[in-house]
Amino acid sequence: MLINRSFSRLFWASVINVLGSNVTYIAIYWAYSKTVGVTSLAVLIALTYFARFVFNLVLGPLSDRFPAKPLMQTLLFARGGLLLGFGLLISLAHISLLWLMVMSVILVALGALYELSSTKLIRDIVDEHDLSRANALISIVYQFGSMIGLALGGVTASLLSVGRILFVESLGYFLGFGLLGSLRTPHDPMTAIAKTGLMAPWGDGITFVLGKKWLVSVLGLAVFSNIAITPTITLMAPYALDVLHGGSQQYADLEIAVTGGGMLCALVFSKFRMASSLLPMYLGLATVGESVFMALFGLSRHIDASLIALLGVGAAISLFNIPFITILQHYTPREKLGRVRAVLVAASTGVSSISYFFSGMLAHRLGVTSTILVFAVLGFVGVVTVLLTRPFHQLDFTQVELT
């Protein structure tokens, strides 16, 4: 049993959610790749990521308006029903690929709202001293589940039609719906949000973040951390080709190193509780570590050194995410948690999108390794500047009360 019976049910429901999402996306991308060109496929993938940014930006108030458990059940049932409907429709009649694109965007919206609500549900069903362990286990789900889901998606796409894949995936979501249905929460009160529409509550989230020095600092750490690790998203393939003089195998090894480092770190921290008093220290070590390991990655010229550096990068990313979520759960009022996390994620993701754009331009002018070093230095200077302001000294980490 993982922590407790209720969390075990949430854990396996999240496994189904993550696996299903990645298998479905790969099936859709595969269907597109056989019909349209590379440019159109790239546009579809970019649209999916942009939709994730937009929905994280605007759906925070919904996660605060409704109780977490029934909302997450509704989302899983809706995803299952959507896939079942489209699976039957594709099997019985020919439909335009445009409808598959619409379906993928809807799935992104449902997935974003599920993740926001999951943060609140964990806070309800897990003892405050086990929050870091729970967040570490969920981190493993998203990292390992994504990797396995992508692999399963590639296999199933080569063996089954898109319609059958969607039909099978829908059954998994209905199973997840049942798992959450059997989950018991000690309290899951209806959150009182004035019926003023979505934008007013979302704006309240921004106001709350800007009014708390520690939250502004957390946002700063997230932004500069994302800047430091930008090349792991945009420059891995050019690095494998131009620096290591390798090919697809070297590129895959680099990607696996980042994921493997993250999984190992999350696995370690899932075994013991993070002391609340040490959460700021872990957050600081993680943010500095990301920049340092990225600099080592930029300086390395051999595959072995590159893999070691990226293992460190992956571990630092996990080490950041676990205390990041845990601190939010400890010190953000429950009725604002969804909006606050949505604001932080949207802001850091938006800056990341800009960084992705400029990384390509800089790599064209400066070269791959110099660009990696530029982003590492920018991230390092930024996080050190934030940490020197002592952003968490006003928070009491010795006595945590969940409000």
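Everything that follows concerns the structure shown earlier in this document.
Residues numbered from 1 in each chain as written. Predicted model: local features only at pLDDT ≥ 70, side-chain atom pairs only at ≥ 80, totals over all residues. Heavy atoms only, no water.

A. Main features of the packing of aromatic side chains. Throughout the structure, instances matching the rule amount to eight aromatic pairs. Each ring, one from Phe7 and one from Phe11, has its centre 6.5 Å from the other, and the planes form 45 degrees; the classification is tilted. Here Phe7 and its partner Phe11 are both found in helix H1 (residues 5-33), four residues apart, which amounts to about one turn of the helix. Relative accessible area serves as the criterion here: at 0%, Phe7 is assigned to the buried category. Looking at Phe11, the relative accessible area reads 11%, which means it is buried. Plain terms: the ring middles of Phe320 and Phe324 are 5.4 Å apart, the flat faces sit at 15 degrees to each other, and that makes the pair stacked. With Phe320 and Phe324 both in helix H14 (residues 303-331) and four residues apart, this pair spans about one turn of that helix. Grouping aromatic residues by their ring pairs yields a cluster made of Phe7, Phe11 and Trp12. (Phe/Tyr/Trp six-rings, centres within 6.5 Å; stacked < 30°, edge-to-face > 60°. Helix = DSSP H or I, 4+ residues; strand = E, 2+ residues; numbered from the N terminus. Buried < 20%, exposed > 50% of the residue type's maximum accessible area, 1.4 Å probe, protein only.)

B. The arrangement of a nonpolar patch on the surface in detail. Together, Val292, Leu296, Leu299, Val377, Phe380 and Val381 give the surface a local cluster of nonpolar side chains, amounting to about 520 Å² of exposed area. Elements supplying a minimum of two residues to the nonpolar patch: helix H13 (279-299) and helix H16 (368-388). Classification of Val381 by relative accessible area gives partly exposed; the value is 47%. (Patch = residues over 30% accessible without salt bridge, like charges linked within 9 Å, V, L, I, M, F, W, Y side chains within 5 Å. Areas by Shrake-Rupley, 256 points an atom, 1.4 Å probe, with all protein chains shown as cover. Salt bridge = Lys/Arg side-chain N within 4 Å of Asp/Glu carboxyl O.)

C. Structural context of the pattern of salt bridges. The final tally for this structure, using the stated rule, is three salt bridges. Between Asp64 and Arg339 there is a salt bridge, with its nearest N and O atoms 2.7 Å apart. Here Asp64, found in helix H3 (residues 60-65), pairs with Arg339, found in helix H15 (residues 337-366); they are 275 residues apart in sequence, far enough to count as distant. According to the relative accessible area criterion, Arg339 is buried, its value standing at 4%. Of the charged contacts, one joins Arg133 and Asp130 as a salt bridge, the two residues approaching to 3.5 Å between their closest N and O atoms.

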